[in-house]
Amino acid sequence: MEEIAQGLGLQKSKDFKLLVQTIAQMEREQRVIFTKKGKVKLPLKPILIEGIFRANERGFGFVTIDSEEDDVYVPKEATGYAMDGDTVAIDIVKTADAAMDRGAEGKVVEIRKRAITQLVGEFVAYTKEEINETDLYGVVLPKEKKLNQFKVYAAAEGIRPVDGSIVMIELTHYPEKNYTNSLEGIIKQVIGHKNDPGMDILSIIVSNGIPTKFSDDVLLEADDIPDAISEKDLVDRKDLREQLIVTIDGEDAKDLDDAVTVKKLANGNYFLGVHIADVSYYVTQGSQLDKEAYERGTSVYLTDRVIPMIPQRLSNGICSLNPQVPRLTMSCEMEIDANGRVVTHDIFSSVIQTTERMTYTAVNQILEEQDEIVMERYEQLVPMLQEMQELHYILETMRIRRGAVSFEDREAKILVEPDGRPMDIQLRDRGIGERLIESFMLVANETVAQHFNQQHFPFIYRIHEQPKEEKMQRFFDFASALGIVVRGTKGTITPKDLQKVIETVENRPESAVINTMLLRSMQQARYSEDNFGHYGLAADYYTHFTSPIRRYPDLIVHRLIRSYRQDASEENQTYWEKKLPEIADHSSKMERRAVEAEREVDAMKKAEYMLDKVGEEFEGIISSVVKFGLFVELSNTIEGLVHINDLKQDYFHFIENHLALVGERTGVTFKIGQKVRVKVIKADPIERAIDFELVEAEEVLPFERPKASKKGKHSNRQQKRQAKNRLQMNNKKNQLFNERKKGKKAANKKGKKPFYKGIKKKK
């Protein structure tokens, strides 16, 4: 203290007294601390690291700081009441120890951003007496299975729904001391009643934050757009109404946004015209329609409904390339040689009038089945369709030659009754019609991307980056366990190397599983203002130009084409350079949101489909092996779990580098790609889960059995005994906890105390 006084020149008794008082106050505020020797020092502030918290159902969690680094383990007592997905700041309390194969351990110090601000669930109403006593309307049972452990209280303000309503509640209070599984909020929206048809899907839509209705402003703006084009709309447009142009889509498609024409030229090359609905002409920059389309980012396609990006008056009307009516388009015309190389191209605004609205079924019947009745019906178009087939094979061969990875991912279509109940699950068949349209859209997207990249204009690209090393290593391990040799190293593997893997396993029964595992090893494609190419397509340039009715980035690409044609100034380029990063990032996020909703709905409907099949047996293939069991996929893509506890014939070890379960005593082996027969024992649409029981399995060559420790077989028995004892102790603890909880609840009722302190009783 005297040294501080001397340094500050405060030796006088009055000044020294003030210094002592000041330091005492700083100590109370924890701005300084005293050492054991009486020295004053500044407290060491922990270095906090920000990351995303991932909760485990058993209470502990992990924090992801960097996708390239291992997650940080957070014990149950150190989670700081963080919830899954929260952005948190952690203090590292134990560093990683590679020698001991132990990761870092941390403590949550601060919750910086809550991942969940609202949720959807079923409302359970309180009686008038309970409302008066607790100042709560009731509780909301979350629809999201990750939130099942939370009790969500609805404050007695805002909307008061009827019992059984499906509601959206905005959260105002989060877990805290003594209330670790409690949430509280205000009900903001009644979505419907739990017994209403289609409410299950609507709940998923709302819980993912996907808007279900257009605002009045947006609908009024859509109503102001004419139903037909006028002469003023044709200014500066190339008139292609006399060309033979067709749309080719599925039977149930209503928003037809692409049309094509093909003809063989005298020099042996092919002329390909790809004409895309000019949505940006109607959805103008800064309009209410544009703002809404940006927020939605994409249309969402679910089992029995579509949530469109723009109002249906546009998507199914003036923007849809309906047959025999003039429509405004953005065109990309290309001349393509016998090697699939685009030798010349032109991108411009146009007006077209399609000759026919073709379906994939009809095109397949003409080109694959040579159906005479259908060929006669479309006699005028047959020669062009045959040339389309020729051009498709040229483009497909070109993509294979350069190394594009072709995933034959099995896609299922869930057929539902009018009330939403699933009645069948069918695999989508991709015939020549589907594949040739895909080829034409791919080459148009590449051509547009390359054109603007070489012009050095700011642009939005669809990129797919090289797989990360650790994911590729896991795939290498998986492939080698199946006897598949992958050329190249995990850091330099090319699309061509992966293409060879797919070709190698094409006729093997586990080919679908291998395709899926390879797909999971890849990075997600996304939108970016920077061009990094498309790894999966082995393309140097790629964008999304062909679906502006249902994807916002495509609409932006059209807007950029028009903008640069009218004004290529540096000022305009700078404007777009600033705008595009945000558009790309938001569009990628909205795409992931839509995909997540689609997966949740599919999983729910598949579980619902299996409800009346409990007890039935099915053939399947092991699609994944994890520590807790086997996932088995049936021929219709339905997947269920055989839990390790239900494998009674042995004690099984998980061999991670082989992705296999191996019996300790018998050596019985279960691995990916193995044929099995299973029985359905449970189907839960709410949990979106299906449980199987193993009936029989194809015999496979066993792996080497796990070696016993130096202590011999007794150590394994001892481990089992210890595990059993721990389980018994946990059961006793849970029993005591539940008994105490019941006693506490009874005491609360008797004393008429509010059972959640977040809401105080009104005076």
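The rules behind the values
- Residues numbered from 1 in each chain as written.
- Predicted model: local features only at pLDDT ≥ 70, side-chain atom pairs only at ≥ 80, totals over all residues.
- Heavy atoms only, no water.
- Pairing = 2+ DSSP bridges.
- Helix = DSSP H or I, 4+ residues; strand = E, 2+ residues; numbered from the N terminus.
- Axes fitted to C-alpha atoms, helices over the stretch in contact; angles between N-to-C directions.
- Buried < 20%, exposed > 50% of the residue type's maximum accessible area, 1.4 Å probe, protein only.
- Contact = heavy atoms within 4.5 Å.
- pLDDT = per-residue confidence, 0-100.
- Domains from an automatic or database assignment.
- Parallel < 35°, antiparallel > 145°, perpendicular 65-115°, else oblique.
- Left-handed = near helix turned anticlockwise from the far one by under 90°.
- Nonpolar A, V, L, I, M, F, W, Y, C, P; charged D, E, K, R; others polar.
- Polar contact = N/O pair within 3.5 Å; in protein donor to acceptor, adjacent residues only side chain to side chain.

**Let's talk about the sheet that holds strand β29 (residues 652-655)**
Point 1. Taken in spatial order, the 3 strands make up an open sheet running β29-β30-β31, and their pairing is antiparallel. The open sheet terminates on both sides in strands that have one partner only, identified here as β29 and β31 (669-671). Sheet twist, expressed as the mean angle between neighbouring strand axes with direction ignored, is 20°.
Point 2. Of the pairings in the sheet, the one linking strand β30 (residues 660-663) to β31 comprises 3 bridges and is antiparallel in character.

**With respect to the environment of Glu687**
Point 1. Inspection of the secondary structure assignment puts Glu687 in the loop between β32 (675-684) and β33 (689-697).
Point 2. Residue Glu687 is classed as partly exposed on the basis of its relative accessible area of 28%.
Point 3. Apart from residues lying up to four places away in sequence, Glu687 is in contact with Lys145 and Asn148.

**Quick look at the confidence of the model for the protein chain**
Point 1. Looking at the protein chain as a whole, its pLDDT mean stands at 87, while 90% of the residues score no less than 70.
Point 2. pLDDT under 50 marks residues 708-720. Its contacts with residues more than four places away, or in other chains, come to 6 contacts.
Point 3. Scored below 50 in pLDDT, residues 740-763 makes 33 contacts in the model with residues more than four places away or belonging to other chains.

**Quick word on the domain arrangement of the protein chain**
Point 1. Under the domain assignment used here, the protein chain contains domain 1 (1-41), domain 2 (49-113), domain 3 (118-196) and domain 4 (611-697).
Point 2. Using C-alpha coordinates to define each centre, domain 1 is positioned 69 Å away from domain 4.

**Section: the packing of helix α5 (residues 216-223) against helix α7 (residues 288-296)**
Point 1. Running from N to C, α5 and α7 cross one another at 125°; their axes reach a closest spacing of 8 Å. Here α5 is positioned oblique relative to α7, judged by the angle of their axes. As α5 runs across α7, the sense of the crossing is left-handed. In this structure, α5 uses Asp217, Val218, Glu221 and Ala222 to contact α7, whose residues at the interface are Gln288, Leu289 and Glu292.
Point 2. When grouped by side-chain class, the residues that make up the contact of α5 with α7 number 3 nonpolar, 1 polar and 3 charged.

**A word on the pairing of β29**
Point 1. In terms of strand pairing, β29 meets β30 through 4 bridges, oriented antiparallel. From the neighbouring strand, Phe654 faces β30, where its bridge partner is Leu661.
Point 2. Counted between consecutive antiparallel strands, the loop separating β29 from β30 contains 4 residues, among which Leu659 sits at a positive phi close to 45°.

**Considering the side chain of Ser350**
Point 1. Structurally, the position occupied by Ser350 is in strand β20 (residues 342-353).
Point 2. On the basis of relative accessibility, which here comes to 0%, the residue Ser350 falls in the buried class.
Point 3. Within polar-contact distance, the side chain of Ser350 engages the side chain of Thr329 at 2.6 Å.
Point 4. Not counting residues up to four positions away in its chain, the partners in contact with Ser350 are Arg237, Lys238, Leu240, His275, Arg327, Leu328, Thr329, Met330 and Ser331.

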